[in-house]
Amino acid sequence: MKDSLNREIDYMRISITDRCNLRCQYCMPQGIKQTMMSDILTFEEMAHIVSIGAKLGIKKIKVTGGEPLVRLGCCDFIKMLKNIEGIEQVTITTNGVLLDRYMDDLITAGVDSINVSIDTLNRELYQKLTGFDKLDEVLQSLKILTNYDIPVKINAVSIDLHEYGMRYGIDVLKTDYQNLIELAHYNKIDVRFIEMMPIGYGKNFETINHQDFLQQLKKDYVLQEDSTIHGNGPAVYYKIDGYEGSIGLISAIHGKFCDSCNRIRLTSQGYLKTCLCFNDGVDLRTILRSGAHNRDELLEEAIKKAIVHKPNAHRFENKEDISEDKNMYMIGG
């Protein structure tokens, strides 16, 4: 289905939980206000919404959280989504802590690719950023992932790790990002850097300007533009000679890509968002649980209306225009 700007909306991100086993400083550093499970959609309810979305042209699904693997049955849900007519691809984003435990189940379920979120390979700094000393578990998961024939991407939020480390007396080189890039050297792993979204706790962090970051990368490496398709997102990719994987930049603030935005988001509580910047959207849970005889028609019309009224562009560059006041874990990564 196309929106008012003729953008083809074929990608839905689904947060299956607002819970997480880490406490990242820019997401949920103090934990979360517990949401009653009765307020969170069941997997069957989420799948029902996806089946209606598929009729409207949704083809690709990203399963997110919180941390999706902390919700029991996540792998079964992926299998459920894969069996919906019209859905061509189901992927997942995880922090990787539980990945080794569920890897075989994910493959059996048919997951099409896996994104792992890691902002630094400095163990001390990782613990300060996430609240837990879990880097070894994540790196072990990455090692296991390389044994499978499945696309793997690293997601790293672009923050000044050197400056952040100084707050805690941790010696972090200004070139710390190069350690992440090295993950793409001998492995078919794409490493993507993502500008910080000024939402919730993220407002307390200054993102690295990717225009400046790209110039620094060009000083450090001989980059060649990589025009091959790597997934469903807006990353711009570059190849480094001799590296198995590519380097991607997702630059929502300093490389605005709203004119090609193809996504909508479903929160774990059933709220459908059409832009991360604004709190606009539609409550599908109320319709889903209304018991109305024409419930599916109402759901379809609500999704259509939301897509048609999808904002032209975000306004992250003007913080006073941001109407979304929820933290990222409440929306979905």
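I will try to describe carefully the structure that is included in this document. Counting of residues starts from 1 at the beginning of each chain's written sequence and follows it residue by residue. It should be noted that, the model being predicted, local features are given only for residues of pLDDT at least 70 and side-chain atom pairs only at 80 or more, the latter also being counted only at that level, while totals for whole chains, interfaces and linings use all residues. Each side-chain value is derived from all of the structure's non-hydrogen atoms; neither hydrogens nor water enter the calculation.

Further remarks concern the side chain of N115. Turning to its location among the elements, N115 is positioned in strand β4 (residues 113–117). The cut-offs for exposure are 20% and 50% of the maximum accessible area for each residue type, with area from a 1.4 Å probe on protein chains only; residues under the lower value are buried, those over the upper are exposed, and the others partly exposed. The class for N115 is buried, based on a relative accessible area of 3%. The contact partners of N115, leaving out residues within four places of it in the chain, are K62, I92, T93, T94, K153, N155 and R192. Put simply, DSSP H or I for four residues or longer makes a helix, DSSP E for two residues or longer makes a strand, and each gets a number counted from the N terminus. Note on contacts: a residue pair qualifies if any of its non-hydrogen atoms lie within 4.5 Å across the two residues.

What follows deals with the sheet that holds strand β3 (residues 89–94). If you trace the 12 strands from one edge of the open sheet to the other, you get β7-β8-β9-β6-β5-β4-β3-β2-β1-β10-β11-β12, paired in mixed fashion. Among the strands making up the open sheet, the edge pair consists of β7 (223–226) and β12 (281–283). This sheet shows a mean twist of 25° between the axes of neighbouring strands, independent of strand direction. One bridge is not enough; two strands pair if DSSP finds at least two bridges between them. Relative to strand β10 (residues 263–266), strand β1 (residues 11–15) runs parallel, the two being bridged by 4 bridges. Considered in β10, the bridge of Y11 is made with R263. For helices, the fitted line uses only the C-alpha atoms of the stretch in contact; every axis is such a line through C-alpha atoms, and the angle between N-to-C directions lies from 0 to 180 degrees.

This next bit is on the packing of helix α1 (residues 43–55) against helix α10 (residues 295–308). The interhelical angle for the contact between α1 and α10, taken along N-to-C directions, is 65°, at an axis separation of 10 Å. The handedness of the crossing between α1 and α10 comes out as right-handed. Contact residues: H48, I49 and I52 in α1; R295, D296, L299, E300 and I303 in α10. Just so you know the grouping, Ala, Val, Leu, Ile, Met, Phe, Trp, Tyr, Cys and Pro go in nonpolar, Asp, Glu, Lys and Arg go in charged, and all remaining residues, Gly too, go in polar. Looking at the contact of α1 with α10, its residues break down into 4 nonpolar, 1 polar and 3 charged. By convention, the crossing between two helices is left-handed when the near helix turns anticlockwise from the far helix through less than a right angle, and right-handed when the turn is clockwise.

This paragraph deals with the nonpolar core. Residues belong to one nonpolar core when they are buried, are Ala, Val, Leu, Ile, Met, Phe, Trp, Tyr or Cys, and are joined through side-chain atoms within 4.5 Å. Counting 93 residues, the largest nonpolar core has I61, V63, I114, F193 and L284 as its most contacted members. Sorting elements by how many residues they give to this core places α1 first, with 7 residues.

Another aspect to go through is the environment of L284. Within the fold, L284 resides in helix α9 (residues 284–288). Taking the C-alpha atoms as reference, L284 lies 9.9 Å from E45; in sequence the two are 239 residues apart. With sequence-adjacent residues up to four places away left out, L284 is seen in contact with I49, L266, G270, L272, L299, A302 and I303.

Centres within 6.5 Å make a pair out of two Phe, Tyr or Trp rings, where for Trp the six-membered ring is used; the pair is then stacked when the planes are under 30 degrees apart, edge-to-face when over 60, and tilted otherwise. Scanning all chains against the criterion turns up 5 aromatic pairs. With centroids separated by 5.4 Å and ring planes inclined at 55°, the aromatic side chains of Y164 and Y168 adopt a geometry described as tilted. Residue Y168 is classed as partly exposed on the basis of its relative accessible area of 37%. Aromatic side chains Y221 and Y243 sit 6.3 Å apart centroid to centroid with 85° between the ring planes, which places their arrangement in the edge-to-face category. Here the residue Y221 occupies a position in the loop between α8 (210–220) and β7, and Y243 occupies one in the loop between β8 (236–240) and β9 (247–250), the gap between them amounting to 22 residues. We call a charge positioned over a ring when the NZ of a Lys or the CZ of an Arg lies within 6 Å of the ring centre and within 35 degrees of the ring normal. Above the ring of F43, the side-chain terminus of R71 is found at 4.0 Å from the ring centroid.

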